[in-house]
Amino acid sequence: MTNDNQNQELTDGFHLVIDALKANDIDTIFGLVGIPITDLCRLAQAEGMRFIGFRHEQNAGNAAAIAGYMTQKPGICMTVSAPGFLNGLTALANATVNCFPMILISGSSEREIVDLQQGDYEEMDQLNAAKPYAKAAYRINHAEDIGIGIARAIRAAVSGRPGGVYLDLPAQLLSQTLSVAEAKKSIFKVIDPVPRQIPAADAVERALNVLKGAKRPLILLGKGAAYAQADADIKALIEQSGIPYLPMSMAKGLLPDDHPQTASPARSFVLAEADTVLLIGARLNWLLAHGKGKTWGKEPKKFIQIDIQANEVDSNVQIAAPLIGDIGSCVGELLKGIASVPKPSAEWISAINERKDKNMAKMAETLAKDVTPMNFHSALRVIRDVVKKNPDINLVNEGANTLDYCRSIVNMFKPRKRFDSGTWGIMGIGMGYSIGAAVTSGLPVIAVEGDSAFGFSGMELETICRYNLPITTVIFNNNGVYRGTDVNPTGGADVAPTVFVKNARYDKMMEAFGGIGYNVTTPQELEKALTEAIAAGKPALINAVIDETAGTESGRLTNLNPASTATKK
Ligand code: ADP
Ligand code: TPW
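What you see is a predicted model, and the numbers here were worked out from it, not measured in a lab. (Residues numbered from 1 in each chain as written. Chains lettered and ligands numbered in written order. Predicted model: local features only at pLDDT ≥ 70, side-chain atom pairs only at ≥ 80, totals over all residues. Heavy atoms only, no water.)

(A) Region of the structure containing the pairing of strand β8 (residues 164-170). Of all seven residues in β8, seven are buried; the element is thus mostly enclosed. Residues G164, Y166, D168 and P170 point to one face of β8 and V165, L167 and L169 to the other, with burial holding for every one of them. As paired strands, strand β6 (residues 102-108) and β8 are joined by seven bridges and run parallel to one another. Considered in β8, the bridge of I103 is made with V165. (Buried < 20%, exposed > 50% of the residue type's maximum accessible area, 1.4 Å probe, protein only. Helix = DSSP H or I, 4+ residues; strand = E, 2+ residues; numbered from the N terminus. Pairing = 2+ DSSP bridges.)

Following this line, the structure appears as structure tokens:
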């Protein structure tokens, strides 16, 4: 653009936003267009970025979040104001809760009108709405601040404990002009956005001393350990120490799930019996029964906790040895001293192996049964075998029973390949995470979805077809939430709260958009369809008919359901 009066070349806010993102090696935007960001999305594409357009902002936000988790670079989600922003906010909050770096960039209406509440188109005080649900929230008011605003958002998302950042772009900002010379000076690449954080030497020594005193040590790997991309050092620490380890669901595959030191098949036993637990990037939240109570056995545990967030320590129980820093640096320091830690006793290892063998034999028996209609186990046996043959596949997983059984049955062999309902146990991540994972990795995805879980993001099948992504969605269709057999006690015409249309054909939804649909009722049919779909590398959906009586209410979360603890009248 040139301004003849001043004979000076000008640029505008639209260009500056894209230039600033590109200067920081951000090459993909997940989003949904509308006023005032349509032209911004068009420009991103024109300038060589990839724009992946969704049918609902929550799914775009989930795609951005999982891209952030996979790459340590913030995933970008772009939305319109008020309703678009609010649709994206759930994903932003979910990213923050899960410690995934993402930036939600939303257009907003004129500040003067919003602040006086004069009723603008899609008027909303988005910045304040975002604050409680984001790690940080910023607004850029002047074109000359776009470079610094984007830099601030990037650094906030990825440094320290990663999380969701909200960036508010008022419509008038995008059309503001600035001389090209000034603009150039205002854009820069963030230096060292994820700085190493070295743990203190005395904290390392304390941690090693606690390990030296352990009789029955255990290492617990959380998704922070997977995120940190310190795979080789974590493997070395586990193998050189000889300590058994347990991966949380998204840390599966950090070491292959059939590693001899895995304690997964003896999970309840090791949690109850270990006397010393080294937590690496895992919080003692509800997923770990808050580090206390029946799950953790009678004797008090000694915990060593590696985390980047100092105030995570002592959140639920006392931590004997906090090790604050980035996981790569902390594990590296522990490795230097690990030779001085005695190997776990043969008694401890053989007690674990005995449980593992017993539990695995029992599970093998259950999995071998071919029942008609299929149950969760017979269908998941097929998924397990296919993933084993294709270890590069990304696995997305949500539902109740579908999630709980898949987590324990389907082994993972490579890091950062399993993406699931995470810290909140949220439904709705399915298609967003699948698209994010496929776009980011260029590798196939299998989404293992409860029929209810799938419904939260099902319209993105069109998005999958539009971009011709290698995603195979497998719907575990048991006619309802948890199962399909509940009845309305009044005998009225409405079905029970958990029940869906019987025998729905989700495969036909896929066919409507040009993808491949399969309807399968046996493990053999499922195996054939899944193998074929993966080989095709095209959008596919398998409607897997599951016994509608097979599921239990809330999967394995029955203890959190007030109905199961309330006094029955
Ligand atoms: P899980 O659900 O798998 O148990 P959580 O999400 O509860 O895992 O815990 C992840 C933890 O990892 C968070 O407390 C977060 O602060 C921490 N974390 C994330 N990235 C790093 C890193 N690079 N270095 C150290 N800690 C990290
Ligand atoms: C955003 C509550 C937890 S699990 C679930 C719901 C609705 C669905 C279970 O049925 P599904 O799986 O998917 O058919 P399965 O294998 O048991 O048959 N809204 C949100 N998040 C959650 N967690 C819920 C509701 C819920």
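Structure shown, so let's carry the discussion forward.
(B) Representation of the site of ligand 1 in the model. Close to ligand 1 lie 20 residues, the nearest being R161, K223, R283, D307 and I327. Residue K223 places a main-chain N or O atom 2.7 Å away from an oxygen atom belonging to ligand 1. Protein chains bury 96% of the 580 Å² of accessible surface belonging to ligand 1 in isolation. Among the elements that make up the shell around ligand 1, the one with the highest residue count is helix α11 (residues 223-227) (three residues). Looking at side-chain class alone, the shell around ligand 1 contains nine nonpolar, six polar and five charged residues. (Near = heavy atom within 4 Å. Polar contact = N/O pair within 3.5 Å; in protein donor to acceptor, adjacent residues only side chain to side chain. Areas by Shrake-Rupley, 256 points an atom, 1.4 Å probe, with all protein chains shown as cover. Nonpolar A, V, L, I, M, F, W, Y, C, P; charged D, E, K, R; others polar.)

(C) Examining the environment of V499 more closely. Here V499 is to be found in the loop between β18 (471-477) and α21 (506-512). We classify V499 as buried; its relative accessible area is 11%. Along the primary structure V499 and A544 are separated by 45 residues, whereas in three dimensions their C-alpha atoms are 17 Å apart. Setting aside residues no more than four positions away along its own chain, V499 makes contact with N479, G480, G484, T485 and D486. (Contact = heavy atoms within 4.5 Å.)

(D) Representation of helix α3 (residues 57-71). Helix length check: α3, at 15 residues, gives a terminal C-alpha distance of 21 Å against a target of 21 Å (1.5 Å per residue), a fit within 8%. For α3, the buried fraction is high: 14 of the 15 residues fall into the buried class. The first or second residue beyond α3 is Q72, which carries a positive phi of 65 degrees. (Expected span 1.5 Å × (residues − 1).)

(E) Representation of the sheet that holds strand β17 (residues 445-450) in the model. Judged by pairing direction, the sheet is parallel, and its six strands sit side by side in the order β16-β15-β17-β18-β20-β19 without closing on themselves. Edge positions in the sheet fall to β16 (418-420) and β19 (516-520), since each has one partner strand and no second. Direction aside, the axes of adjacent strands within the sheet are offset by 15 degrees on average. Summarising the sheet, strand β15 (residues 394-398) and β17 pair through five bridges and their orientation is parallel. Directly across from L395, in β17, lies its bridge partner I446. Sheet strands in contact with helix α16 (residues 376-389) are β15, β17 and β18, and its direction is about 165 degrees off that of β18. In the packing of helix α18 (residues 430-441) onto the sheet, contacts are made with β15, β16, β17 and β18, and the angle to β17 comes to roughly 175 degrees. (Axes fitted to C-alpha atoms, helices over the stretch in contact; angles between N-to-C directions.)

(F) Here's a closer look at the domain arrangement of the chain. You can read the domains of the chain as domain 1 (2-186), domain 2 (201-354) and domain 3 (369-545). Summarising the inter-unit geometry, the C-alpha centres of domain 1 and domain 3 are found 32 Å apart. Counting from both sides, the interface comprises 24 residues of domain 1 and, opposite them, 25 residues of domain 3. Carbon and sulfur atoms make up 64% of the surface buried where domain 1 meets domain 3, a total of about 2,100 Å² over both sides. The residue R55 makes a salt bridge to E462 at a minimum N-O spacing of 2.9 Å. Counting the contacts that link domain 1 with domain 3 gives nine residue pairs in polar contact (both at pLDDT 80 or more). Of all elements in the fold, only β3 (28-31), β4 (50-53), α3 and α4 (82-98) reach the threshold of two or more residues within the side of domain 1 that touches domain 3. The element that contributes the greatest number of residues to the side of domain 1 that touches domain 3 is α3, accounting for nine residues. (Domains from an automatic or database assignment. Buried area = accessible area lost by both parts, 1.4 Å probe. Salt bridge = Lys/Arg side-chain N within 4 Å of Asp/Glu carboxyl O.)

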